[in-house]
Amino acid sequence: MTAVTCMSGVELLMDYLEGVLSSDVRATIEQHVAGCPRCTAFVASYCETPRILRRATETTIPADIETSLKAFLRARTSAFKQN
Amino acid sequence: MIVPTVEPSDEALAARAAAGDDSAFETLVSRYQGRIYRLACRLTSDTDAPDVLQETFLQLYRHLSSFRGESRFRTWLYRIASNAALMHRRAKARRPDASLEDFLPRFDEHGMHAATPAELQVAARADELLDRKVLAEKAREVIARLPDVYRDAFVLRDLEEIPTADVARTLGVEPATVRQRVHRARLMLRGYLSELVEVKS
């Protein structure tokens, strides 16, 4: 394939990370990124983005919502009849 | 001697619940209510999540007998929950898409990144550099601003960490489409985080 630019490399990044590219395309991308500080930096922040947002949107169920879920299911199903 | 108790599998509980054992259903609810609530918050909003949660478990109760065990119980439940969230969102007035296109990476005429390595790297440190509460609030806001198809794919694949093939089945699209949508979402969100950090510093 023709030489990878930052732009064409970015377009293939997800497919690269998911392992769906052929080995020669993979190798061409790896070669470009290894010699490109911009792409190295870009890949780092691209890969961290899901983790950062996963942690930022972590949440636990509030007690009152848990209580109303049980009340809701008690009214509409045969479950949660005790307590 | 302490005999370790083995927790029954989801699939075993689902089979018992389908046969009319309410306590098995209750165990499944308590096992998954937190995760389904979190998924509902990510796919809809804190305000709508309780309704999605209730709808999900009601649907689960009603359809337990149709669970065939072809997929894992968790995959199946997440599919019910995702559909409940998407239906719920569809029923509400469509919000305008505030464009996140501005956050996509920019390239020069040779296809080279226009930004410097330092600028390109900074988003990776957003959680070190930003206040946790501010980041949590901004994260919820920006995910809600994503176009729906990108949001659904990103939430399921990247936030809930569901394998691409299962996300594809849930959304009724090809795996390649999921990858393309997740990619687009990551690009926008990465750029958004960069800007957030730069505005802050």
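We now turn to the structure provided with this report. (Residues numbered from 1 in each chain as written. Chains lettered and ligands numbered in written order. Predicted model: local features only at pLDDT ≥ 70, side-chain atom pairs only at ≥ 80, totals over all residues. Heavy atoms only, no water.)

Thoughts on the overall build of chain B
Of regular secondary structure, chain B possesses 10 helices and zero strands. Projected onto the principal axes, the alpha-carbon positions of chain B cover approximately 65 × 45 × 30 Å. In chain B, which comprises 201 residues, the proportion classed as buried is 48%. When contacts within chain B are restricted to residue pairs at least 6 apart in sequence, those whose partners lie at least 24 apart make up 67%. (Helix = DSSP H or I, 4+ residues; strand = E, 2+ residues; numbered from the N terminus. Buried < 20%, exposed > 50% of the residue type's maximum accessible area, 1.4 Å probe, protein only. Contact = heavy atoms within 4.5 Å.)

Focus: helix H7 (residues 132-145) of chain B
Residues and elements named next belong to chain B. For H7, with 14 residues, the first-to-last C-alpha span of 20 Å sits near the 20 Å given by 1.5 Å per residue. Within H7, the full set of buried residues consists of Leu 135, Ala 136, Ala 139, Val 142 and Ile 143. Down the axis of H7, the smallest arc covering the buried residues is 140°, so these residues share one side. At the N-terminal end of H7, a side-chain oxygen is found 3.2 Å from the backbone nitrogen of Lys 133, two or three residues along, and the residue is Asp 131. (Expected span 1.5 Å × (residues − 1). Arc of directions from axis to C-beta. Polar contact = N/O pair within 3.5 Å; in protein donor to acceptor, adjacent residues only side chain to side chain.)

A closer look at the pattern of salt bridges
Residues and elements named next belong to chain A. Taken as a whole and judged by the stated rule, the model has 21 salt bridges over all chains. Note that Glu 30 and Arg 26 form a salt bridge whose closest N and O atoms lie 3.8 Å from each other. With Glu 30 and Arg 26 both in helix H3 (residues 23-34), this residue pair falls four residues apart, about one helical turn. Residue class for Arg 26 comes out partly exposed when judged on its relative accessible area of 26%. (Salt bridge = Lys/Arg side-chain N within 4 Å of Asp/Glu carboxyl O.)

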